[in-house]
Amino acid sequence: MTNDEKHQQAVFDSLSEPVSNRAAAGIERLSTALQHHAWEAGFEKTLTPTQVRVLKLLEQDGDTLGTGALAGRLQISAPTVSDALAALERKGFINRQRNQDDKRAVSITLTDAGKILAETADVLGPIRAAVDAMPPVLQIELLRGVSGAIRELQRNGGIPLQRMCVTCRYFQPNIHADPRLPHHCAYVNAAFGDEHLRLDCKEQETASEIVQQQNWARFVAPIVSKYQE
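Caption draft 1: Looking closely at the packing of helix α3 (residues 49-61) against helix α6 (residues 112-120). Running from N to C, α3 and α6 cross one another at 105 degrees; their axes reach a closest spacing of 9 Å. The angle between α3 and α6 falls in the class roughly perpendicular. Between α3 and α6, the residues in contact are Leu55, Lys56 and Glu59 and Gly114, Leu117, Ala118 and Glu119, respectively.

What follows is the structure in structure tokens.
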């Protein structure tokens with residue numbers, strides 16, 4: 001970098017907020033947009049955003065989620081989830097039935113009306129369309145960044161554990177020579193690329209903290225090296 005280029009960079013560094021501040025502000029705006037769309041999507045159907053999110057999770061994972069698991073995945077309190085479930089049951093969108101073997105366990109299933117509603121309540125639609133409009137390379141960069149942000153929030157206790165590739169014991173980053181498919185999933189014994197990174201994988205098993213740190217360092221090393229060139 002020439003002295004002139006260093007001077008120009010210094011000028012912008014003095015005028016700009018840190019990248020983390022601007023990126024966090026951008027994420028907050030996306031969150032606001034999602035919340036607004038969730039209200040719009042639920043208003044016509046007399047659902048709150050929380051009720052819509054519960055429906056979508058039940059559609060995704062079937063009847064494997066109880067109140068506690070829903071609360072953890074949604075990052076809200078169990079009483080709030082219970083209120084949402086009670087409302088959805090009153091409106092005929094879910095059924096709740098106690099397990100015959102364990103009376104404390106409750107099975108939650110979508111009714112036919114609930115399944116139809118869950119399919120049509122596309123809360124992520126506007127954000128997905130915006131991401132789809134970006135060049136594929138930027139979509140992949142965004143997925144990497146989101147994976148890193150979620151990982152850091154997990155480490156700091158800011159959110160519950162998420163079932164991500166980058167924290168999974170089966171994840172082996174950058175072990176293949178092919179730059180398109182540099183990673184390996186030991187669960188399915190196959191190579192994959194950054195565009196295949198998952199944020200919610202049912203087969204995920206969380207690795208130890210040491211393995212997670214080692215994997216993350218190997219995962220970001222080529223990215224950091226590229227931008228340092």
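More follows now that the structure is in view.
Caption draft 2: Highlighting the environment of Val106. Turning to its location among the elements, Val106 is positioned in strand β2 (residues 106-110). The spacing of Val106 and Leu65 is 41 residues in sequence and 9.2 Å in space, taken between C-alpha atoms. When neighbours within four sequence positions are excluded, Val106 is seen to be in contact with Arg96, Gln97 and Arg98.

Caption draft 3: The environment of Lys115, seen in detail. Tracing the chain through its elements places Lys115 in helix α6. Residues Lys115 and Lys56 lie 59 residues apart in sequence; the distance between their C-alpha atoms is 9.0 Å.

Caption draft 4: A look at helix α5 (residues 78-90). The end-to-end C-alpha distance of α5, which contains 13 residues, comes to 18 Å, matching closely the 18 Å that a straight helix rising 1.5 Å per residue would cover. Restricting attention to buried positions, one finds in α5 the residues Val81, Ala84, Leu85, Ala87 and Leu88. Considered in projection along α5, the buried side chains sweep an arc of 160 degrees and stay on one side of the axis. Every exposed residue of α5 that faces more than 90 degrees away from the buried side is listed here: Pro79, Asp83 and Arg90. For α5, the elements touching its buried residues are α3, α4 (67-74), β1 (94-98) and β2. Gly92 sits one or two positions beyond α5 and adopts a positive phi of about 80 degrees.

Caption draft 5: Up close: unusual backbone geometry. A positive phi is found at Asn174, a non-glycine position, where the angle reads about 50 degrees. You can see Asn174 is positioned in the loop between β3 (171-172) and β4 (183-185). At Asn189, a residue that is not glycine, the phi angle is positive and equals roughly 55 degrees. Relative to the assigned elements, Asn189 resides in the loop between β4 and β5 (190-192). Take Asn189: its relative accessible area is 59%, and that puts it in the exposed class.

Cut-off values and rules
- Residues numbered from 1 in each chain as written.
- Predicted model: local features only at pLDDT ≥ 70, side-chain atom pairs only at ≥ 80, totals over all residues.
- Heavy atoms only, no water.
- Axes fitted to C-alpha atoms, helices over the stretch in contact; angles between N-to-C directions.
- Helix = DSSP H or I, 4+ residues; strand = E, 2+ residues; numbered from the N terminus.
- Parallel < 35°, antiparallel > 145°, perpendicular 65-115°, else oblique.
- Contact = heavy atoms within 4.5 Å.
- Expected span 1.5 Å × (residues − 1).
- Buried < 20%, exposed > 50% of the residue type's maximum accessible area, 1.4 Å probe, protein only.
- Arc of directions from axis to C-beta.

Geometric values such as these leave the question of function open.
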